[in-house]
Each structure stands twice: as structure tokens, then as C-alpha cells.
Amino acid sequence: MKRKLSFSYASFGVSTPFDPSFALVTSPLPFLPPSVLGAVRALLAVYTLLAIIVILGFDAAVYDSGPSYLSYFTSLSYIGLCAYFWASGVQTIAFARTVRDLRSVQDDTSADQRGQKETGRDVRVEHVETERRICYPLQKWPRPLQLMHVLLYTSIVVYPIIVTIVFWALLSSPQTLEGTFNAWSNISRHILNSVFAIFEITCTNVSPPPWSHLGPVFIVLALYLGVAYITRATQGFYTYSFLDPGSHPGLVAAYVFGIAVGYCIVFAVVKGVITLRCWLSRRRWGSEADTGRPGEPEALDEWEEV
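Residues numbered from 1 in each chain as written. Predicted model: local features only at pLDDT ≥ 70, side-chain atom pairs only at ≥ 80, totals over all residues. Heavy atoms only, no water.

**Thoughts on the overall build of the chain**
Reasoning step 1: Scanning the chain from N- to C-terminus turns up 9 helices and 0 strands.
Reasoning step 2: Reading the chain from its N end, one meets helices and strands in the order α-α-α-α-α-α-α-α-α.
Reasoning step 3: For the chain, the residues scored as buried account for 39% of the 306 residues in total.
Reasoning step 4: Across the chain, contacts joining residues at least 24 apart in sequence account for 81% of those joining residues at least 6 apart. (Helix = DSSP H or I, 4+ residues; strand = E, 2+ residues; numbered from the N terminus. Buried < 20%, exposed > 50% of the residue type's maximum accessible area, 1.4 Å probe, protein only. Contact = heavy atoms within 4.5 Å.)

**Observations concerning helix α1 (residues 34-63)**
Reasoning step 1: The terminal C-alpha atoms of α1 lie 42 Å apart, and with 30 residues this matches the ideal 44 Å at 1.5 Å per residue to within 8%.
Reasoning step 2: All of the buried residues along α1 are P34, L37, G38, R41, L44, A45, T48, A51, I52, I55 and D59.
Reasoning step 3: One or two residues past the end of α1 sits D64, with phi positive at roughly 55 degrees. (Expected span 1.5 Å × (residues − 1).)

**Looking at the packing of aromatic side chains**
Reasoning step 1: Tallying each qualifying case throughout the model produces 21 aromatic pairs.
Reasoning step 2: Judged by centre distance (5.9 Å) and plane angle (85 degrees), the rings of Y229 and Y238 are edge-to-face.
Reasoning step 3: With a centroid separation of 5.5 Å and an interplanar angle of 50 degrees, the aromatic rings of F242 and Y255 are classed as tilted. Taken as a pair, F242 in the loop between α7 (214-235) and α8 (249-285) and Y255 in helix α8 lie far apart in primary sequence, 13 residues in all.
Reasoning step 4: On the basis of relative accessible area, F242 is assigned to the buried category, the value being 11%.
Reasoning step 5: In this structure an aromatic cluster arises from ring pairing among Y72, F73, Y159, Y224, F237, Y240, F242 and Y255. (Phe/Tyr/Trp six-rings, centres within 6.5 Å; stacked < 30°, edge-to-face > 60°.)

**Some thoughts on a nonpolar patch on the surface**
Reasoning step 1: Nonpolar side chains collect at one region of the surface, where V46, L49, L50, I53, W86 and V90 lie side by side and expose about 520 Å² of accessible area between them.
Reasoning step 2: Contributions of two or more residues to the nonpolar patch are made by α1 and α2 (73-112).
Reasoning step 3: It is α1 that contributes the most residues to the nonpolar patch, 4 residues altogether.
Reasoning step 4: Mapped onto the elements, I53 comes out in helix α1. (Patch = residues over 30% accessible without salt bridge, like charges linked within 9 Å, V, L, I, M, F, W, Y side chains within 5 Å. Areas by Shrake-Rupley, 256 points an atom, 1.4 Å probe, with all protein chains shown as cover. Salt bridge = Lys/Arg side-chain N within 4 Å of Asp/Glu carboxyl O.)

**Considering the packing of helix α4 (residues 143-171) against α7**
Reasoning step 1: Where α4 contacts α7, the axes come no closer than 10 Å and their chain directions differ by 50 degrees. Accordingly, the angle class assigned to the pair α4 and α7 is oblique. Seen along the crossing, α4 lies across α7 with a hand that is right-handed. The residues of α7 that touch α4, namely those facing L151, T154, S155, Y159 and I162, are P216, V217, V220 and L221. (Axes fitted to C-alpha atoms, helices over the stretch in contact; angles between N-to-C directions. Parallel < 35°, antiparallel > 145°, perpendicular 65-115°, else oblique. Left-handed = near helix turned anticlockwise from the far one by under 90°.)

**Points about unusual backbone geometry**
A negative phi angle characterises most non-glycine residues, just as the trans form characterises most peptide bonds.
Reasoning step 1: At the junction of T16 and P17, the peptide bond is cis and its omega measures out at -5 degrees in the coordinates.
Reasoning step 2: Mapping P17 onto the fold places it in the segment before α1.
Reasoning step 3: The backbone of D19 shows a phi angle near 45 degrees, a positive value even though the residue is not glycine.
Reasoning step 4: Tracing the sequence through the fold places D19 in the segment before α1.
Reasoning step 5: One non-glycine residue, D64, lies in the positive phi region at around 55 degrees.
Reasoning step 6: Of note, D64 is situated in the loop between α1 and α2.

**Here we look at the pattern of salt bridges**
Reasoning step 1: Overall, the coordinates contain 1 salt bridge when judged by the stated rule.
Reasoning step 2: For E200, the salt bridge goes to R41, with nearest N and O atoms at 2.9 Å. Pair noted here: E200 is in helix α6 (residues 192-203) and R41 is in helix α1, with a separation of 159 residues, a long-range link.
Reasoning step 3: Classification of E200 by relative accessible area gives buried; the value is 0%.
Reasoning step 4: Classification of R41 as buried rests on a relative accessible area of 0%.

**Quick look at the side chain of Q146**
Reasoning step 1: Within the secondary structure layout, Q146 lies in helix α4.
Reasoning step 2: You can call Q146 buried: its relative accessible area is 3%.
Reasoning step 3: Those residues in contact with Q146, other than ones at most four positions away along the chain, are V14, F18, L138, Q139, K140 and W141.

**Regarding the environment of A39**
Reasoning step 1: Looking at the element boundaries, A39 is found in helix α1.
Reasoning step 2: Here A39 falls in the partly exposed class, since its relative accessible area comes to 44%.
Reasoning step 3: Along the backbone, A39 and I93 are 54 residues apart, and their C-alpha atoms lie at a distance of 7.2 Å.

This is the structure we're talking about:
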């Protein structure tokens, strides 16, 4: 009898129920309640989208290089960053609105029940009912979409750091920051991209990416080699000079191997930093079971304060 291979969503960070502690839409920092976190993510979404539009438009109009925009890993990873901030921003704002609306309902209910005696069982039932009603849209969506979201998160905390390191170590030149547009473009895509990633790493409650993400996120990075050589075949140039085999094909292999090793190191470091942040948060705010539980009235009070 053939043994069927089973795909475990849980092994890829998609639990059942999905994100019960609301880690994807909250922050351990007291000055970043869901409403503020959602606003920050939305602001970054707008900025990255405007950067993509302006840079693409400038490349097409001035340099006549619009058709090759998607041939660069920098552009593809930046689009992923933009997509993540739009997705996470919408989810966080939706969650903040749910918390606010339920807080309003709780206040009205408390006012109506003022002067009435409640039993401990009544209070517990009310808390459980409130917790069940608090959610954000992604928690109700199909599991493949939940998996795509957590994989997208892993990619946007790893790829930007790799892009920044490779660009400033191998590709930058004295002309990189010459001119207003070049300076802004390179700062946005090769410095701020990592700043945005570090914000997600350090200022949110998102759990460390599981080791199972190491393979899928690396496969996407490896598949980019195909894009680079397709670009060479169709448009006649190498997107990155270190991919040109020339007379030293072994050097290209060394660069590719180095980036692969660097990817694994960056992934491990990011995972370690997020794990440290989670540990510090639990130590500062209490046990993991007590943090990120917006169904509790105390948490509602804390997260609504700015």
C-alpha cells in the first residue's frame, strides 16, 4: 500500500485556529496599539507604492528601461514589500476597528448593567463571547491564503537585507548617490527597504518564521537566476554584473554559492532576533498566554491607549 504524503499547514506556521494571539496585527510596544500599527503599515504601503510608480515611470520615460524593470530582483523584492504592507495594513486596521467597536459595545453594556449584580459565571461567559467576536479577516480566509501571508512575511524580512548587503558590497559605485533622483531611488530601494524590514522584525508580535520556510523562500530566490538569464537571452544584458560568466564561469558559481550561504545566515539571524524579541516581550509583559489577548477587558484598555 502506498503511503500518502500529508501536507501540514501547522508545520509552516498556519495554526488552527489561525493566529489565536493576534500576533500578526499587534505590537509589543505600548505606543503601537493596533490602530497606530495599522496606520504605520498603511503609510509604508503608500510610500513603497509611490516609489515603485515614480521609479518605473522615470525609468520608462528617461532611460527607456521600463520593460526591464521586473528583471531586477531589487524591483521584485520591493514589490513584495509593498504587497505585504498593503495586506498587513488592511488586516491590522480591520482588527483595530473590531477592537474599537467591541470596546464601545462593552462600555454600553457596562452602563446598562451598572447597579446590577453579576455572577462570576456571567463575567466569564461575557469574556469568552467577546473573545470569539474579536478577529480580523485573514483569520476567516482559506488556509492557502493564510500560508501565503506568513510566507510573504518571511520573504520581506529576509530579502530586503540580502538586497541591501549585495548592492552596497558588490554593485554600488561613486555615482550611486549622484543626483537627487538617483539618491532617493537607491536610498528607498537599498536602505529603507531594510529599515522597513527591521521595523517588522522588532516592532511587531509576529512569531519567528519556522525552519520550514527556509526552503520555499530560498526556492523563489534561486528561481530568480532563471529570470536573470532569460533577460540576457531576450534583452541582451545581465541584470547584475556578477552573473556574467564571461571567461570565469567559476566566479559566477562562487557568487551564487556565497549568496545562498548568505541567505541561510540572514534567515537564521532574523529568526534569532525575532525569537529574542519574543522572549523580551514575554519577560516584560508577562507570559505568552497573557500577551496579545484582546478578548480580555484589560487588554482592550491597554491597546486603545496611545
